[in-house]
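Coordinates in review
The lines below spell out each chain.
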Amino acid sequence: MNRFMDLADLSREEVVDLLALAQRLQDRPEPRALAGRILGLLFLNPSLRTLSSMQAGMARLGGQSFVITPGSGTWQLETRLGATMDGGAAEHIREGIPVLASYCDALGIRAFADGRDLEADLDESSFKAMAALCDKPLINLESAMNHPCQALADWKTLDDLDVPRRGRFVLSWVNHPRALPLAVPAATLHMAAHRGMDVVVLRPEGYALPRRLMDKARAAAEASGGSLTETSDRAGALAGAQVVYAKEWGSPAHYGDAGADGALRRELADWMVREDWFRHAGHDCRFMHCLPVRRNVAVADEVLDGPRSVVRHEAFNRMVVQMAVLHRLLAR
Ligand code: CP
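Parameters at a glance
Residues numbered from 1 in each chain as written. Predicted model: local features only at pLDDT ≥ 70, side-chain atom pairs only at ≥ 80, totals over all residues. Heavy atoms only, no water. Helix = DSSP H or I, 4+ residues; strand = E, 2+ residues; numbered from the N terminus. Buried < 20%, exposed > 50% of the residue type's maximum accessible area, 1.4 Å probe, protein only. Areas by Shrake-Rupley, 256 points an atom, 1.4 Å probe, with all protein chains shown as cover. Lys, Arg positive; Asp, Glu negative; His and termini not counted. Charge placed at Lys NZ, Arg CZ, Asp CG, Glu CD. Core = buried A, V, L, I, M, F, W, Y, C linked by side-chain atoms within 4.5 Å. Contact = heavy atoms within 4.5 Å. Salt bridge = Lys/Arg side-chain N within 4 Å of Asp/Glu carboxyl O. Pairing = 2+ DSSP bridges. Right-handed = clockwise from strand over helix to strand, strands pointing away. Phe/Tyr/Trp six-rings, centres within 6.5 Å; stacked < 30°, edge-to-face > 60°. Lys NZ or Arg CZ within 6 Å of the ring centre and 35° of its normal. Polar contact = N/O pair within 3.5 Å; in protein donor to acceptor, adjacent residues only side chain to side chain. Domains from an automatic or database assignment. Nonpolar A, V, L, I, M, F, W, Y, C, P; charged D, E, K, R; others polar.

**Examining the overall build of the protein chain**
Across its full length, the protein chain carries 12 helices and 12 strands. Taking the principal axes of the C-alpha coordinates as reference, the protein chain spans close to 55 × 50 × 35 Å. Here the protein chain holds 332 residues, and 54% of them are scored as buried. Carbon and sulfur atoms make up 49% of the accessible area of the protein chain, which totals about 14,300 Å². Once the 39 positive and 42 negative side-chain charges of the protein chain are each reduced to a mean point, those two points are 4 Å apart.

Written as structure tokens, this is what we have:
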């Protein structure tokens, strides 16, 4: 493995193998495994978990890392190809990424969706352009349509909690003050399908995920023996659920149109996960969310603070699985 860009690049067996390595590193730490190795981290967007867990994971394996957050103490980076750079950005990624890559043994990049052109974002055109500039092992720390580190951590969390492979996994849209990217819903949907689960996408009208994302997940479900359905019927979706994974996302039907999306979501304040959502769910149904989460907008306190919530377990697993990824990319 010399890149970690998409969980779909790994077979189900390869994911299981990578998770076994993560568990081994959790149980039997290897504090010298990456001694002398350096990880570069380029964050074009904010983070709490990804930034800190990558640095902590690298340090726990004996390696070191540096962080670049353009515009905060370093030059703003222009990402548009062919741009006339007479604005705020003093440096282009065409120089910036190869220079950073030359200092390190692996590079992680976070670059969210541009959010204007759905097809371009589905194509990952911006992230692919950045990846082409990096001649070192590369880790996707969240791109327009993917968040493989989150997906891998969530798969481990499901395994840790003995959630059955064919369990009913409900990915539910939840409310947020504004449109958010599709990366986490896309990665989560695919992960659960790849694991072989019975996946239900629950979302209000206007928030159906793009066909390309659904088709990719459906193919993964077919290969793994799972299934994928989609509905706006909340009671039907949640009946018998073993996992409810909440996520906020913008309307693909109004991609890049904040006004139209805002008008649509004004009527959707009741899409906040409350304890009564679990009335007909499985008796030990778990609640998952990648974080950050807006309390009492997306999810009620009673759920986040209650016994079914595993959000901190997911966040901890970010570090554990990323250690396995780093080990695979960098151990000699
Ligand atoms: N879940 C996640 O990626 O969190 P951060 O945005 O804080 O990194």
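Here the narrative resumes.
**Thoughts on the nonpolar core**
Residues Ile139, Phe169 and Phe287 are the most contacted members of the largest nonpolar core, which totals 92 residues. Residues in contact with isoleucine 139, not counting those within four places in the same chain, are Phe4, Leu39, Met54, Leu107, Gly108, Ile109, Cys149, Val325, Leu326 and Leu329.

**Considering the pattern of salt bridges**
A side chain with one charge may pair with a side chain of the opposite charge, provided their charged atoms come close. Counting across every chain of the model gives 20 salt bridges. A salt bridge links aspartate 305 to arginine 295; the nearest nitrogen and oxygen atoms lie 2.9 Å apart. Note that aspartate 305 is positioned in the loop between helix H11 (301-304) and helix H12 (311-330) and arginine 295 in the loop between strand E12 (286-288) and H11, a separation of 10 residues in sequence. Here arginine 295 falls in the partly exposed class, since its relative accessible area comes to 43%.

**Focus on the environment of alanine 153**
Relative to the elements of secondary structure, alanine 153 occurs in helix H6 (residues 148-160). The spacing of alanine 153 and glutamate 314 is 161 residues in sequence and 6.1 Å in space, taken between C-alpha atoms. Look past the residues within four positions of alanine 153 in its chain and what remains in contact with it is Glu314, Asn317, Arg318 and Val321.

**A closer look at the sheet that holds strand E2 (residues 38-43)**
Read across the sheet, 5 strands follow the order E1-E7-E6-E2-E3 without closing on themselves; strand pairing throughout is parallel. Every other strand in the sheet has two partners, leaving strand E1 (3-4) and strand E3 (64-68) as the edge strands with one partner each. Judged from the 5 bridges that link them, E2 and E3 form a sheet pairing that is parallel. Note that in E3 the partner of glycine 40 across the bridge is phenylalanine 66.

**Points about the pairing of E2**
Taken across its 6 residues, E2 has 5 buried, putting it largely inside the fold. Following the backbone out of E2, through helix H2 (residues 49-60) and into the adjacent parallel E3, one traces a crossover that is right-handed. Relative to strand E6 (residues 106-110), E2 runs parallel, the two being bridged by 5 bridges. Across the sheet, the residue bridging to phenylalanine 43 is arginine 110, located in E6.

**Quick notes on the packing of aromatic side chains**
Taken as a whole and judged by the stated rule, the model has 4 aromatic pairs. Here the aromatic rings of tryptophan 173 and tyrosine 207 are separated by 4.6 Å at their centres, their planes lie at 40°, and the arrangement is tilted. A residue pair is termed long-range when its members are at least 10 positions apart, and tryptophan 173 in strand E8 (residues 168-173) and tyrosine 207 in the loop between strand E9 (198-202) and helix H8 (211-224) qualify at 34 residues. For tryptophan 173, a relative accessible area of 0% translates into the label buried. One aromatic cluster in this structure is built from Trp173, Tyr207, Trp271 and Trp277. Over the ring of tryptophan 271 we find arginine 234; its NZ or CZ atom is 4.5 Å from the centre of that ring. Across the ring face of phenylalanine 278, the terminal group of arginine 308 is positioned such that the distance to the ring centre comes to 4.1 Å.

**Some remarks on the side chain of aspartate 154**
By the secondary structure assignment, aspartate 154 is in helix H6. Polar contacts involving the side chain of aspartate 154 include one to the side chain of tyrosine 245, which spans 2.7 Å. Those residues in contact with aspartate 154, other than ones at most four positions away along the chain, are Met191, Tyr245, Met288 and Glu314.

**Focus on the domain arrangement of the protein chain**
By a widely used convention, the size of an interface equals the accessible area lost when the partners come together. By the assigned domains, the protein chain splits into domain 1 (3-147 + 315-330) and domain 2 (162-309). Taken together, the 23 residues of domain 1 in the interface contact 21 residues of domain 2. At the junction of domain 1 with domain 2, the criterion picks out 3 salt bridges. With a closest N to O distance of 2.7 Å, aspartate 123 and arginine 212 form a salt bridge. Our enumeration of links across domain 1 and domain 2 arrives at 7 residue pairs in polar contact (both at pLDDT 80 or more). Looking at the side of domain 1 that touches domain 2, the elements with two or more residues in it are helix H1 (12-27) and helix H4 (118-122). Per-element tally for the side of domain 1 that touches domain 2: the top contributor is H4, with 4 residues. When its residues are assigned to classes, the side of domain 1 that touches domain 2 shows 9 nonpolar, 5 polar and 9 charged.

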